[in-house]
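This is what each chain is made of:
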Amino acid sequence: MPARATTGSLVVVVASPAAGPSLLATLEGGARLVDADQPLQTQLRKVDRALAGEPPVVDQSAELESVRRWMRESDLVASLTGREGQVLELLMCGWPAGEIAGRLVVSLPTVRTHIRSITRKLGVSSQLAAVALAYRSRSGVGRRLCRSHQF
């Protein structure tokens with residue numbers, strides 16, 4: 001049942017799952033989530049449905065799990081060392097390991113060691129999966145170097 005304020009109002013939250021702990025507490029209180037990362041028209045349809053009293057299309061437990069997953073993934077990315085973060089950023093920009101080595105002025109085996117460490121810490125089996133997890137976590141990793149360095 002959706003959360004209701006003391007006045008009996010329905011609580012609908014338009015936010016990104018990246019809002020983290022505060023959003024999690026609100027959803028656990030029964031609020032309805034409209035994902036702010038979706039197109040505006042989709043957001044408006046979902047708000048209209050919620051205000052009309054229609055049940056959510058996505059189960060509340062799925063929304064809670066989405067926020068919890070984001071929090072776990074963000075924590076994993078944050079656990080990387082500074083150098084591992086740099087390597088991950090360059091992987092996110094599409095740089096191959098050899099070019100990363102040249103950019104960071106380290107050997108190719110060192111970059112490969114960093115990539116293995118990144119995949120191990122993130123609990124994934126490939127550098128592509130590591131990049132996907134970093135993008136999902138919306139941690140800010142990757143955006144700085146991708147903008148400032150062209151191939």
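Residues numbered from 1 in each chain as written. Predicted model: local features only at pLDDT ≥ 70, side-chain atom pairs only at ≥ 80, totals over all residues. Heavy atoms only, no water.

## So, the overall build of the protein chain
Heads up, the rule is: Helix numbering and strand numbering both begin at the N terminus, where a helix is a DSSP run of H or I of at least 4 residues and a strand a DSSP run of E of at least 2. Exposed residues in this analysis have more than 50% of their type's maximum accessible area, buried residues have under 20%, and partly exposed residues fall in between, with area computed by a 1.4 Å probe over protein chains only.
The helix and strand tally for the protein chain stands at 8 helices and 2 strands. Sequence-ordered secondary structure for the protein chain, helices as α and strands as β, is β-α-β-α-α-α-α-α-α-α. When each of the 151 residues of the protein chain is scored for burial, the buried share is 38%.

## Concerning the nonpolar core
For the record, the criterion: For the purposes of this section, nonpolar cores are sets of buried Ala, Val, Leu, Ile, Met, Phe, Trp, Tyr and Cys residues that join through side-chain atoms within 4.5 Å.
The biggest cluster of nonpolar side chains holds 21 residues, and the ones touching the most others in it are Val 87, Leu 88, Ile 100, Val 111, Ile 118 and Leu 122. Within the residue set of this core, elements represented by two or more residues are helix H4 (82-92), helix H5 (97-104), helix H6 (108-122) and helix H7 (127-137). If one sorts the elements of this core by residue count, H4 sits on top with 5 residues. Listed in part, the 9 residues of the second largest apolar core include Ala 15, Leu 23, Ala 31 and Leu 64.

## Description of the packing of H5 against H6
Test applied: The axes are straight lines fitted to the C-alpha atoms, using for helices just the contacting stretch, and the angles between their N-to-C directions are given from 0 to 180°. Our angle categories are set so that under 35 degrees counts as roughly parallel, over 145 as roughly antiparallel, 65 to 115 as roughly perpendicular, and the remainder as oblique. In what follows, a contact means two residues having at least one pair of non-hydrogen atoms within 4.5 Å. All residues other than Ala, Val, Leu, Ile, Met, Phe, Trp, Tyr, Cys, Pro, Asp, Glu, Lys and Arg, Gly among them, are scored as polar; the first ten of these are nonpolar and the last four charged.
Contact geometry for H5 and H6: axes closest at 8 Å, N-to-C directions at 110°. The orientation of H5 relative to H6 falls into the category roughly perpendicular. Of the residues in H6, those touching H5 at Ala 97, Gly 98, Ile 100 and Ala 101 are Leu 108, Val 111 and Ile 115. Grouping the amino acids of the contact of H5 with H6 by side-chain chemistry returns 6 nonpolar, 1 polar and no charged.

## Looking at the pairing of strand S2 (residues 32-35)
Where we set the bar: DSSP calls a pair of strands paired once it identifies at least 2 bridges connecting them.
Residues Arg 32 and Val 34 point to one face of S2 and Leu 33 and Asp 35 to the other, with burial holding for every one of them. The sheet contact formed by strand S1 (residues 12-15) and S2 spans 4 bridges and is parallel. Within S2, the position partnered with Val 13 by the bridge is Leu 33.

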